[in-house]
Amino acid sequence: MQERIWLSLAQMGGGEQKYIQEAFDTNWVVPLGPNVNGFENDIAKFLGEDSHVVALSAGTAAIHLGLVQLGIEAGDEVICQSFTFAASANPIKYLGANPIFVDSEEDTWNLSPEWLEKAILDRKAKTGKSPKAIIPVYLYGMPAKMDEICAIATKYDIPIMEDAAEAMGSTYKGRQCGTFGEFGALSFNGNKMITTSGGGALICRTEEGAKRTMFFATQARENRPYYYHEHIGYNYRMSNICAGIGRGQMEVLEEHIARRRAIHTLYTEQLAECQGISVKQNPSTDFDSNFWLTCIEVDPTLCNGKSADDIRLYLETQNIESRLLWRPMHTQPIFADCPYYGDGVSERIFERGLCLPSGSSLSDEQIIRVANAIKQFISE
Ligand SMILES: *Cc1c(COP(=O)(O)O)cnc(C)c1O
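Cut-offs and rules
Here, residues in each chain are numbered from 1, in the same order as that chain's written sequence. Residue-level local features of this predicted model are given only where pLDDT is at least 70; pairs of side-chain atoms are given and counted only at 80 or more, and the full residue set underlies all totals for whole chains, interfaces and linings. Side-chain measures were taken over the full set of non-hydrogen atoms in the model, leaving aside hydrogen atoms and water. The criterion for a residue being near a molecule or strand is simple. One of its heavy atoms has to lie within 4 Å of it. N or O atoms within 3.5 Å of each other form a polar contact, as long as, within protein, one can give a hydrogen and the other can take it, and as long as residues adjacent in sequence are counted only when both atoms are side-chain atoms. Two kinds of site are reported from a 1 Å grid over the protein atoms alone, namely cavities, where a 1.4 Å probe fits but cannot get out, and pockets, open sets with protein on both sides within 12 Å along at least five of seven lines, and residues are called lining when an atom falls within 4 Å of a point. Those molecules having more than half of their atoms within 2 Å of a cavity or pocket grid point set are described as sitting in that cavity or pocket. Charged means Asp, Glu, Lys or Arg here, nonpolar means Ala, Val, Leu, Ile, Met, Phe, Trp, Tyr, Cys or Pro, and polar covers whatever is left, Gly included. DSSP bridges decide pairing: two strands pair if at least two such bridges lie between them. A helix here means a DSSP run of H or I that spans at least four residues, while a strand means a run of E at least two residues long, and both kinds are numbered starting from the N terminus. Grid points are joined across faces, edges and corners, and a volume is the space filled by probe spheres set on the points. Each domain's limits were defined by an automated method or a database of domain assignments. Between buried and exposed lies partly exposed: a residue is buried under 20% and exposed over 50% of the maximum accessible area for its type, with that area taken using a 1.4 Å probe on protein chains only.

Describe the site of the ligand, with residues and values.
Looking at the ligand, there are 15 residues lining it, with T60, D163, E166, S187 and K192 nearest. T60 places a polar side-chain atom, nitrogen or oxygen, 2.5 Å from an oxygen atom of the ligand. Placement of the ligand is best described as lying within the largest pocket. Partitioning the shell around the ligand into residue classes produces five nonpolar, seven polar and three charged.

Shown next as structure tokens:
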């Protein structure tokens, strides 16, 4: 059996151990510490746009704290892209609020501006109130149509909480994903663009927002000599050890992004002649995905009847890991009661899509092995 090819493995840069050693040497083996500040500054510098970054224990925690600060409360409605990972929507439920799921459009696979506006208008008609926040997601790193989405958000005065967990380094019209909304969430889970072995960050527009985020992330303790609380707090801060890994990873972030994009280009070339397989591309030069994962759409009628899942199962026999796309939230049993606005675009894409191995440590030879396995299988 050939060596296993994984979907998206973490890749260390080499500098991580130095920062962790420093933490041990100075006995900063605690939440907070110099690595946390250093990591936050590195990310803020990378993002530009006057970003203020707070490192947290997970991307999910970042979304949660963003929604807390947008004042989401029990019974409120929050619009969320349906085509995503459950972590985009779960924090809405943590707050007792109700997700309103909106479909994607074909160009980016992300939030459809048309359905977004229809959803807002219908919720206003049905409940007399606007939804309290909008959560667009950048699936597999692809930027959403942010001009249109931001224009609608402004028109109805609804804040945006960006889920940029998969999109570190992706840009829309030259601007980093995560810097468009009131808040933006990043993830440093093991398989994302960079990792802290598990972690996330909330990107805030203002220094004040960042201070509030730190306040909520450290148990919402008021400034008094004794423990005194006016708000429900959380224990969501990143540890100084994890942030040390993050600082090392920031040294190689640009390389990781370049490599994921090169892998996408190589797949595009290798699969160019496969009629029934299309590699998802940036819809125009306004969009510059980090191509966290390269995705394909499979047309079984042009692939000898082979579906995306057939290809997944075949790749598995070749010791290659691939993954079906996120199954839309409005089709998940746990969210079955939530309102949904759309016409089945995300379901159609889900049926046909597959994520290919895209980790930055993969070699050209490994990518070609994956592409050849697909070509071999669909020609049978
Ligand atoms: C990974 C991911 C998250 C959650 O991030 P964690 O750091 O794993 O909590 C949220 N949304 C999307 C779209 C993700 O891919």
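Residue-level account of the sheet that holds strand 12 (residues 294-298), with values.
Ordered by their spatial adjacency, four strands build an open sheet running 10-12-15-13, and the pairing between neighbours is antiparallel. Only two strands of the sheet have a single partner each, and these edge strands are strand 10 (277-279) and strand 13 (323-324). Relative to strand 15 (residues 353-356), strand 12 is paired through four bridges, and the arrangement is antiparallel. Bridge pairing in strand 15 places C295 opposite C355.

Can you lay out empty space enclosed by the protein for me, pointing to particular residues and giving the numbers?
According to the stated counting rule, one finds one cavity of 30 Å³ or more in the structure shown. Considering only enclosed or pocket space, the largest cavity measures out at about 80 Å³ in volume. As for the largest cavity, its lining consists of T108, W109, L139, Y140, M142, H264, K280, S289, F291, L293, T294 and C295. Mapped onto the domain boundaries, the lining of the largest cavity takes at least three residues apiece from domain 1 (16-253) and domain 2 (254-379).

Describe the layout of surface pockets, listing the residues and the values that go with them.
Its volume calculated, the largest pocket comes out at about 250 Å³. Lining of the largest pocket is provided by 21 residues; of these, F85, A87, A165, S187 and K192 occupy positions nearest its centre. The residue makeup of the lining of the largest pocket, split by class, is seven nonpolar, ten polar and four charged.

Tell me about the pairing of strand 15, residues and numbers included.
Alternating residues of strand 15 divide into G353 and C355 and L354 and L356, and every residue in both groups is buried. Direction of pairing for strand 13 relative to strand 15: antiparallel, over a ladder of two bridges. Considered in strand 15, the bridge of R323 is made with C355.

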